Amino acid sequence: MASSAYRNGAHGGSSGMKVDRPVQVANIKSSSFKSRLTPSHSSGSALRRSSPASFASKDGDGVPGRVRVAVRLRPRNAEELAADADFADCVELQPELKRLKLRKNNWDSDTYEFDEVLTEFASQKRVYEVVAKPVVESVLDGYNGTVMAYGQTGTGKTFTLGRLGEQDTADRGIMVRSMEDILAEISPETDSVSVSYLQLYMEALQDLLNPANDNIPIVEDPKIGDVSLPRATLVEIRDQQSFVELLRIGETHRIAANTKLNTESSRSHAILMVHVKRSFMGGDNIYSNENGDISHLAKPLKPLVRKSKLVVVDLAGSERIHKSGSEGHMLEEAKSINLSLSALGKCINALAENSAHVPIRDSKLTRLLRDSFGGTARTSLIVTIGPSPRHRGETTSTILFGQRAMKVENMLKIKEEFDYKSLSRRLEVQLDKLIAENERQQKAFEDEVERINIEAENRVSEVERSFADALEKERLKCQMDYMESVKQLEEKLVLNQQQRDFDVFTDSNCIGQGPGLSAAEELVELKKLLEKEIKLRKVAEEEVKICKRQQGQDRQSEAGGSVEVLKLHKILENEAHQKKKLEEEIIILRSQLLQLTFEADQMKRYLDGGGSGNAYTGLDSSMSPFRHPQLKDAVNGQKASIATLFEQVGLQKILALLESDDANVRIHAVKVVANLAAEASQFLKNNEGSQIYISKANQKKIVEAGGLTSLLVLLRSFEDETVRRVAAGAIANLAMNEANQELIMAEGGISLLSMTAADAEDPQTLRMVAGAIANLCGNDKLRMKLKSEGGIKALLGIVRCGHPDVLSQVARGIANFAKCESRASTQGTNSSRSLLIEDGALPWIVQNANDEAAPIRRHIELALCHLAQHEVNAKDMISGGALWELVRISRDCSREDIRSLARRTLISSPTFRSELRRLRIEY
Ligand code: ADP
Ligand code: MG
């Protein structure tokens, strides 16, 4: 256990400080060295460089390296110069090759290689620099370090290590120079250096700084393997001077002690312990991972304290081992000295040979050096030798000791005030803190997010509110603006109106301020109306909405019963058709009733007046075919019924019935129209202003509504006799009006009447047609057209019927025509022969001039008188036999006015006069 702990850097094998690398330089046996010398060995030159890296290369958290060994040769002293004058030195140094040749005899020698070979001329400074300075620098970096001197008494160990150099600065030894460098390097404010100075003699540790302090125990920390001497005096060093003083005191005490003990300093080991404590901010290399990278755990620097220890050991003379055993006390002493030295040697051997057991506990020296030699410390050994061949044996053993030491590897370990457990604890604490902090931050973040959300929501709603407010304001503003502009427009309008009225006023020089005011009133009125309209529209819209809704509902319900709806539709259509039919029948019945009432009334009146039995045979100056004196009284009675019918049914409807598919309907419709037209004549006959107006209005309405055209169409397209008769009657009545006469002619009415006249057999029809033509014949303007369109010939054709009523109308027509001609001749607008004569009417006139029927006779008598008034007709009349008829009229006519007319006519015509003279008729 102990050996492995020693080898493993006194860490109980737990820190990975195991020395397991093979020793690279192994010149142990002198006999074989020459042949096995390896030129590639390169560590030696590194010693000259004052760099710890050159002393050992770093690896991991320890710095592996080897105990560095230098050999120093003391110059010949006076005695040797004298005694050995004839002898050569037992050693020969080859410092440039770092080799030492040990002469065995004059012709044979062994060669050894060291890390440094220092000749007798080597200065103290150079020795310090190659042997101790790397260790010192390492100690300043925080590693433990050891510098030891080993050699025969008198070879210069104390000279190398302990010279104070008070007389000659160049003589200063390693102790003084080390302290110089340490003091120069550390900062007095934060770092500290303190020293203990001890002597190990016969396995007892004495405090050289306090001689009373004897037998100081060595305390080893079982965990970390640190060695300490709690009872040893520890003096803090502030300056070089005080240190040198301390060394001197220590030396004094050492001499005193040796005197007291009756010994020599060479028989004891002197140990200087320099404790360096350095404070610094750091931690990075602690946190670096195994690859040397800086870990993510790297934290801000923190104050750390590095404690390191430099141990300088001035060993007792090595010769005692070999020269002991002769004297009593000396023997014990030799044993004790031997114990520590031999233990050191054994340990070195064990370490060099990588042995499992390193006997560090065998001596106090090895225990004391536990944490400073090999292992985790940086160690330099200087072996001192003398040149004298007399001490060849001692020199050889010294050299071999050095060679063995060169094999000891050590692994440097930095010492700092924490370990991994505490680091782990700290890290755990830190981690917990970070976790807690993270949790807090997370919570804070979430709170912040929530707060921001709420704030954002508030802001949004605020913005929405203000936006709505702004909108409302804008809307109100717009409304105000709108009202304002409407107001302005109204004012402008009123102003304009006033201006216009004023203009009118000034233009016409009229007085009055009314219009301006009335315009404003009108505007107000209009506005009221508009508002009312708007209200109504709203109501209507509401209703429409309701209807639509209802419709929607209806549609839904309809969806299932469209067949039902179709059925209902059909029924409805049928009902409508039925209704129409019934309406038509009502109209027909009404018109029939009217007709019957009318006819009955006529008959009654006629009988009351002692009529001849023909209701239509009455004749007077009027051109109406229906005229009868007794009808005058019937007018008032009929008026109401006609008017009622007119109002109840409506003219348009009646006219529309003229085109009904039903023949009966057509017949009755045409009868109604005819009656309406006939009544007009009655009102005319009544000769009362209002009544005439009404009658005219009725006829006018019939014509305007297209009734005349419809009646003409009936004449043309229907063979039905009754329809034609009634239609012709209606036309005849309408033809009493001069304007209607022209309209009838314009619509080709004369042609239609002619056609009817030609193919009708019914006397009543022919009577109506003849009556209509007769009325047309009374119009001066239509004379030529009547002739050219066959009106006269149509009249003459009708006479084939022979019915006196018909003939009466024909005669009336001829009389009317003749009257127009004679009027035109009198006025000088006609000079040609009568168109009646041209169309061959004269024979019929002459033939019927003395007809039994008075109406016929009278019309013909008038016609002959009118014809005779125009001279160009005289010859035709004479040749046609009309002269005789005229003479007869002038003599026999019952009416006085016609008689005298005929007479005047005969007398005034020269042709008639001469013919009468030729015939010798006396006038
Ligand atoms: P040690 O301590 O090994 O017994 P010392 O250091 O006491 O030997 O040296 C013995 C003597 O040799 C001293 O007088 C010392 O001055 C002298 N000496 C030793 N080494 C040298 C040296 N390298 N140069 C000159 N004198 C030396
Ligand atoms: Mg000495």
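Cut-offs and rules
- Residues numbered from 1 in each chain as written.
- Chains lettered and ligands numbered in written order.
- Predicted model: local features only at pLDDT ≥ 70, side-chain atom pairs only at ≥ 80, totals over all residues.
- Heavy atoms only, no water.
- UniProt positions renumbered as here; feature names shortened; annotations may be inferred.
- Helix = DSSP H or I, 4+ residues; strand = E, 2+ residues; numbered from the N terminus.
- Buried < 20%, exposed > 50% of the residue type's maximum accessible area, 1.4 Å probe, protein only.
- Areas by Shrake-Rupley, 256 points an atom, 1.4 Å probe, with all protein chains shown as cover.
- Axes fitted to C-alpha atoms, helices over the stretch in contact; angles between N-to-C directions.
- Parallel < 35°, antiparallel > 145°, perpendicular 65-115°, else oblique.
- Contact = heavy atoms within 4.5 Å.
- Nonpolar A, V, L, I, M, F, W, Y, C, P; charged D, E, K, R; others polar.
- Patch = residues over 30% accessible without salt bridge, like charges linked within 9 Å, V, L, I, M, F, W, Y side chains within 5 Å.
- Salt bridge = Lys/Arg side-chain N within 4 Å of Asp/Glu carboxyl O.
- Arc of directions from axis to C-beta.
- Core = buried A, V, L, I, M, F, W, Y, C linked by side-chain atoms within 4.5 Å.
- Near = heavy atom within 4 Å.
- Polar contact = N/O pair within 3.5 Å; in protein donor to acceptor, adjacent residues only side chain to side chain.
- Left-handed = near helix turned anticlockwise from the far one by under 90°.
- Pairing = 2+ DSSP bridges.
- Phe/Tyr/Trp six-rings, centres within 6.5 Å; stacked < 30°, edge-to-face > 60°.
- Lys NZ or Arg CZ within 6 Å of the ring centre and 35° of its normal.
- Disulfide = S-S within 2.5 Å.
- Expected span 1.5 Å × (residues − 1).

The name given to the protein in an unreviewed UniProt entry is Kinesin-like protein, with Carya illinoinensis as the source organism. Recorded in UniProt for the protein, the comment headed Subcellular location (unreviewed entry) runs: "Cytoplasm, Cytoskeleton".

Trainee: A description of the overall build of the protein should follow, citing residues and the corresponding values.
Mentor: Of regular secondary structure, the protein possesses 36 helices and 16 strands. Across the 923 residues of the protein, 47% fall into the buried class. With an accessible surface of roughly 47,600 Å², the protein has 54% of that area assigned to carbon and sulfur atoms.

Trainee: So, the packing of helix α34 (residues 882–892) against helix α36 (residues 910–918): which residues are in play, and what are the values?
Mentor: One can describe the packing of α34 onto α36 by two numbers: an axis separation of 11 Å at closest approach and a directional angle of 90°. Viewed along their axes, α34 and α36 adopt a mutual orientation that is roughly perpendicular. Within the contact between the two elements, α34 uses L883, L886 and V887 and α36 uses F912, E915 and L916. When the residues that make up the contact of α34 with α36 are grouped by side-chain class, the tally is 5 nonpolar, no polar and 1 charged.

Trainee: So, a nonpolar patch on the surface: which residues are in play, and what are the values?
Mentor: Together, L431, L434 and I435 give the surface a local cluster of nonpolar side chains, amounting to about 270 Å² of exposed area. Mapped onto the elements, L431 comes out in helix α15 (residues 420–508).

Trainee: Report on α36, specifying residues and quantitative values.
Mentor: For α36, every residue scored as buried is listed here: F912, E915 and L916. Looking straight down α36, one finds that the buried residues subtend no more than 100° of arc, so they occupy a single side. Those residues of α36 that are exposed and angled more than 90 degrees off the buried face are R917 and R918. Buried residues belonging to α36 abut α32 (854–868), α33 (874–879), α34 and α35 (896–908). R920, located one to two residues past α36, shows a positive phi value of around 60°.

Trainee: Tell me about the nonpolar core, residues and numbers included.
Mentor: Core analysis: the biggest nonpolar cluster contains 93 residues, and L711, L776, W844, L864, M877 and F912 have the highest contact counts within it. What M877 contacts, discounting residues up to four positions off in sequence, is I837, L842, L864, L867, A868, A882, L883, L886 and F912. Counting 48 residues, the second-largest nonpolar core is a separate cluster that includes M148, L205, L229 and A232.

Trainee: Outline the pattern of salt bridges, supporting the account with residue identities and numerical values.
Mentor: For the structure on display, the rule yields 46 salt bridges. Notably, a salt bridge pairs E448 with R451, separated by 2.6 Å at the nearest N-O pair. Linking E448 with R451, this pair stays in helix α15, spanning 3 residues, or about one helical turn. For R451, a relative accessible area of 42% puts it in the partly exposed group. Two residues, R895 and D897, come together in a salt bridge whose shortest N-O distance is 3.1 Å.

Trainee: I'd like a rundown of the site of ligand 1, residues and numbers included.
Mentor: Lining the immediate environment of ligand 1, one finds R72, R74, P75, Q152, T153, G154, T155, G156, K157, T158, F159 and R163. The backbone of G154 places a nitrogen or oxygen atom 2.6 Å from an oxygen atom of ligand 1. A distance of 2.9 Å separates an oxygen atom of ligand 1 from a polar backbone atom of F159. Element by element, the count of residues in the shell around ligand 1 is highest for helix α7 (residues 157–162), at 3 residues. A per-class count over the shell around ligand 1 returns 2 nonpolar, 6 polar and 4 charged.

Trainee: Explain the packing of α34 against α35 to me, and be specific about the residues and the numbers.
Mentor: In contact at an axis separation of 7 Å, α34 and α35 are set at 135° when each is read in the N-to-C sense. When the interaxial angle is binned, α34 and α35 end up oblique. When the axes of α34 and α35 are compared, the crossing they make is left-handed. Residues L883, L886, V887, I889, S890, R891 and D892 of α34 form the contact with α35, whose own contacting residues are I898, R899, A902, R903 and L906. Split by residue class, the contact of α34 with α35 holds 7 nonpolar, 1 polar and 4 charged.

Trainee: Run through the sheet that holds strand β5 (residues 109–113), naming residues and quoting values.
Mentor: Strands belonging to one sheet form pairs held by backbone hydrogen bonds; the direction of such a pair is parallel or antiparallel. Taken together, 3 strands build an open sheet; the order of strands is β3-β4-β5 and the sheet is antiparallel. A strand with exactly one partner marks an edge of an open sheet, and here the two such strands are β3 (91–94) and β5. Between one strand and the next, the sheet's axes are offset by a mean angle of 20°, whatever the strand orientation. Relative to strand β4 (residues 99–103), β3 is paired through 4 bridges, and the arrangement is antiparallel. Paired with L93 across the two strands is L100, which belongs to β4.

Trainee: Describe the packing of aromatic side chains, naming the residues involved and giving the relevant values.
Mentor: Overall, the coordinates contain 1 aromatic pair when judged by the stated rule. Judged by centre distance (3.6 Å) and plane angle (5°), the rings of Y150 and F401 are stacked. Here Y150 is found in strand β7 (residues 145–151), whereas its partner F401 is found in helix α14 (residues 392–405), with 251 residues between them in sequence. Across the pair, exposure class does not vary: Y150 and F401 are buried alike. Cation over ring: R378 sits above Y143, and NZ or CZ is 5.9 Å from the ring centre.

Trainee: Please set out unusual backbone geometry residue by residue, giving values where relevant.
Mentor: Residue E203 is not a glycine yet carries a positive backbone phi of 60°. Considering the arrangement of structural elements, one finds E203 in the loop between β8 (192–201) and β9 (204–207).

Trainee: Residues and numbers for the pairing of β5, please.
Mentor: Strand residues, when the strand is regular, have side chains that alternate between the two faces of the sheet. With 5 of 5 residues buried, β5 is to be regarded as a mostly interior element. The two faces of β5 match: S109, T111 and E113 on one face and D110 and Y112 on the other face are all buried. Of the pairings in the sheet, the one linking β4 to β5 comprises 5 bridges and is antiparallel in character. Paired with L102 across the two strands is D110, which belongs to β5. Taking the residues that link successive antiparallel strands as the turn, the β4-β5 hairpin has 5 residues.

Trainee: So what's going on with the UniProt feature "binding site: ATP" (unreviewed entry) in the protein? Which residues, and what values?
Mentor: The positions UniProt marks with the feature "binding site: ATP" (unreviewed entry) are G151, Q152, T153, G154, T155, G156, K157 and T158. Relative to the helices and strands, T155 resides in the loop between β7 and α7. Among the polar contacts listed, one links the side chain of T155 to the backbone oxygen of Q152, at a separation of 2.5 Å. With respect to the helices and strands, the residue G156 is situated in the loop between β7 and α7.

Trainee: Break down the side chain of H269 for me, with residues and values.
Mentor: Mapped onto the secondary structure, H269 falls in strand β13 (residues 269–282). You can call H269 buried: its relative accessible area is 2%. A distance of 3.0 Å separates the side chain of H269 from the backbone nitrogen of A316, its partner in a polar contact.

Trainee: Residues and numbers for the state of the cysteines, please.
Mentor: Going through the model one piece at a time under the given rule, you end up with 0 disulfides. C777 carries a free sulfur, and the closest cysteine sulfur to it, the one in C820, is 7.9 Å from it.

Trainee: Just give me the short version of helix α23 (residues 721–734), but keep the residues and values in it.
Mentor: Taking 1.5 Å of rise per residue, 14 residues should cover 20 Å, and α23 covers 20 Å from first to last C-alpha, within 8% of that figure. Counting buried positions along α23 gives 11 out of 14 residues, so the element sits mostly inside the fold.

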